[in-house]
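Take a look at the letters that make up each chain.
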Amino acid sequence: MRQGLISVYLTTLVLSVTAPVFAEPSQGDIDRGKELAFSRTDGNCLACHQMDDGKLAGNIGPELADMKSRYPDREILYRRIWDETQFNEMTVMPPFGRHMILSKQEINRVIDYLYTL
Amino acid sequence: MVKAKIILVVLGAALAVPQVLAGSTPEEDRKAMVEYFMQMFPDVPFEGFVNGQYALNEDRRRQWESMQDFPPYEFAVADGQEMFETPFANGKTYASCFENDGIGIRQNYPYFDTEKNEVITLELAINRCREANGEEPLKWKKGAIASISGYMASTSQGKPINIKVPDDPDALAAYQDGKEFYYSRRGQLNFSCASCHVQNPGKWIRGDFLSPTVGQPANFPVHRSDWGEMGTLHRRFAGCNTNVRAEPLPAQSEGYRNLEYFLTYMSNGLPVVGPATRP
Amino acid sequence: MNRPLLTIGISLALCLPLAAQAGSKEDFNDVYSKAQSTHQDAGTFQWTVTSDRLKAAKSAADNGNFEKAAAMANEALRLAEESVAQRKQQQEAWRNVAIGN
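Residues numbered from 1 in each chain as written. Chains lettered and ligands numbered in written order. Predicted model: local features only at pLDDT ≥ 70, side-chain atom pairs only at ≥ 80, totals over all residues. Heavy atoms only, no water.

**Brief notes about the packing of aromatic side chains**
Residue and element names in this part refer to chain B.
- Counting across every chain of the model gives 23 aromatic pairs over all chains.
- Where Phe84 meets Tyr94, the ring centres are 5.8 Å apart and the plane angle is 10 degrees; that geometry is what we call stacked. One end of the pair, Phe84, is in helix H5 (residues 74-85); the other, Tyr94, is in the loop between H5 and strand S1 (111-113), and 10 residues separate them in sequence. Each member of the pair, Phe84 together with Tyr94, is buried.
- On the basis of an interplanar angle of 75 degrees and a centroid distance of 5.8 Å, the ring pair of Tyr175 and Tyr265 is categorised as edge-to-face. Pair noted here: Tyr175 is in helix H8 (residues 169-183) and Tyr265 is in helix H11 (residues 254-265), with a separation of 90 residues, a long-range link. Taken individually, Tyr175 and Tyr265 each receive the classification buried, so the pair is uniform in this respect.
- Lying over the aromatic face of Phe181, Arg186 brings its terminal NZ or CZ to 3.7 Å of the ring centre.
- For the cation-ring pair, Arg235 lies above Trp227, with the distance from its terminal atom to the ring centre recorded as 4.0 Å. (Phe/Tyr/Trp six-rings, centres within 6.5 Å; stacked < 30°, edge-to-face > 60°. Helix = DSSP H or I, 4+ residues; strand = E, 2+ residues; numbered from the N terminus. Buried < 20%, exposed > 50% of the residue type's maximum accessible area, 1.4 Å probe, protein only. Lys NZ or Arg CZ within 6 Å of the ring centre and 35° of its normal.)

**As for the nonpolar core**
- Counting 45 residues, the largest nonpolar core has Met33, Phe37, Tyr182, Tyr183, Val198 and Tyr261 of chain B as the members making the most contacts within it.
- Mapped by element, the contributors of at least two residues to this core are helix H2 (26-40), H8, helix H10 (233-243) and H11 of chain B.
- When we break this core down by domain, the ones giving at least three residues each are domain 1 (24-69 + 161-278) and domain 2 (74-154) of chain B.
- Core analysis: the second largest hydrophobic core is formed by 34 residues, Ala37, Leu77, Trp82 and Phe96 of chain A among them. (Core = buried A, V, L, I, M, F, W, Y, C linked by side-chain atoms within 4.5 Å. Domains from an automatic or database assignment.)

**Observations regarding the interface of chain B and chain C**
- Counting from both sides, the interface comprises 28 residues of chain B and, opposite them, 20 residues of chain C.
- Taken together, the two surfaces of chain B and chain C that pack against each other cover about 2,400 Å², and 55% of this comes from carbon and sulfur.
- Counting across the interface, chain B meets chain C through zero salt bridges.
- The interface formed by chain B and chain C holds nine residue pairs in polar contact (both at pLDDT 80 or more) in total.
- Those elements giving two or more residues to the side of chain B that touches chain C turn out to be helix H1 (2-15), H2 and H8 of chain B. (Contact = heavy atoms within 4.5 Å. Buried area = accessible area lost by both parts, 1.4 Å probe. Salt bridge = Lys/Arg side-chain N within 4 Å of Asp/Glu carboxyl O. Polar contact = N/O pair within 3.5 Å; in protein donor to acceptor, adjacent residues only side chain to side chain.)

Following this line, the structure appears as structure tokens:
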């Protein structure tokens, strides 16, 4: 039953979340993504991840580097930021999309930025 | 071990076994938790856990040790003693409400009162003592109540924490409720107490260093540099809940008292070291 | 002959904005009370962000800005629904990381 529920979940996710084809992000998109990733009230990725030139970064999660080679499929990265608990039940990473911490558009800006790391 | 748990839970769900039947006893929980942290931090002696992050991080420990000559809670504890010894309008003092006149008893709090069917924390007992003697209750989270409870803790330093869950279904239910609270994810950020303090102690969350569950309540009330003053355990609970964007429960609500009951039971056998300082 | 028509026309024209406003006020009230009751359903799993949106919705409504009020109340409702889902899910899921069952 649980598995059934999970697959329903995933299907819904794919249907509702699928990102359109992406054009090359502008520098503005990337800057906005970095701002969202670093801000304590938005992504606050630095709470758990070392990345880029971020100060006072936590070490609960892995360092965010080589993101393009680690996540060649943008859709997968998007879904993991949207709700990592669907991939790893034990994770402490907040479900940024599902819990409306970041909007779809904001997650996409964060990804634009992450892909420069 | 944790993976094994998932398998067990999934199996349990598949077989539709009511999981309530499988409840472990408080003492089994405590032993398993102590063992879990001893394995995680093999270099830390059991008693070292009362020092939280200072037992795990050398830099933090040195900063902390340099503060110990003039601890910032000294004046508050002296104030607390004075309030504790000053008679109420009716001539009685706090001592009249407590076992052993209130000296050296911190380690027994919180306890489950089988007549009132509720968890009694030290702060609750302090305010109930006031009300029984015709005085207004104090505010729960800081100020006079933290000073009085800090003084009472200081007279109990070194005594091993000795929380009991009597053989009583209501006491066990209170313990279970606290345990469930501790492990339940809350707030928009989806964190439980355990997300940080069971799964990730010894790690940094931004500029904060995470302490393990075992030993945490032994320090309270605590002087935090972040607060610039002393505060009670329930003030800290509320702060943690707010950090993960969960509405905090009221201080001394049943939920927080049950949480304190579970949490303090997990520290049984460790010495009282409160009041103490934390970042 | 045109007079009555004109009067009707003017009255209608005057009524329209009122009607539109009344409609959004009603919409707001519906969503707001739904958001509030869902927030209550979350019990001890309420989110601070939901309370913040509810407050913002209320104060926008008090200032007559029903468009903003409805938007805030809608956000509050969606957040409250997630907090209720979290509460339900955690009834069993808390055991996943618990030491001792």
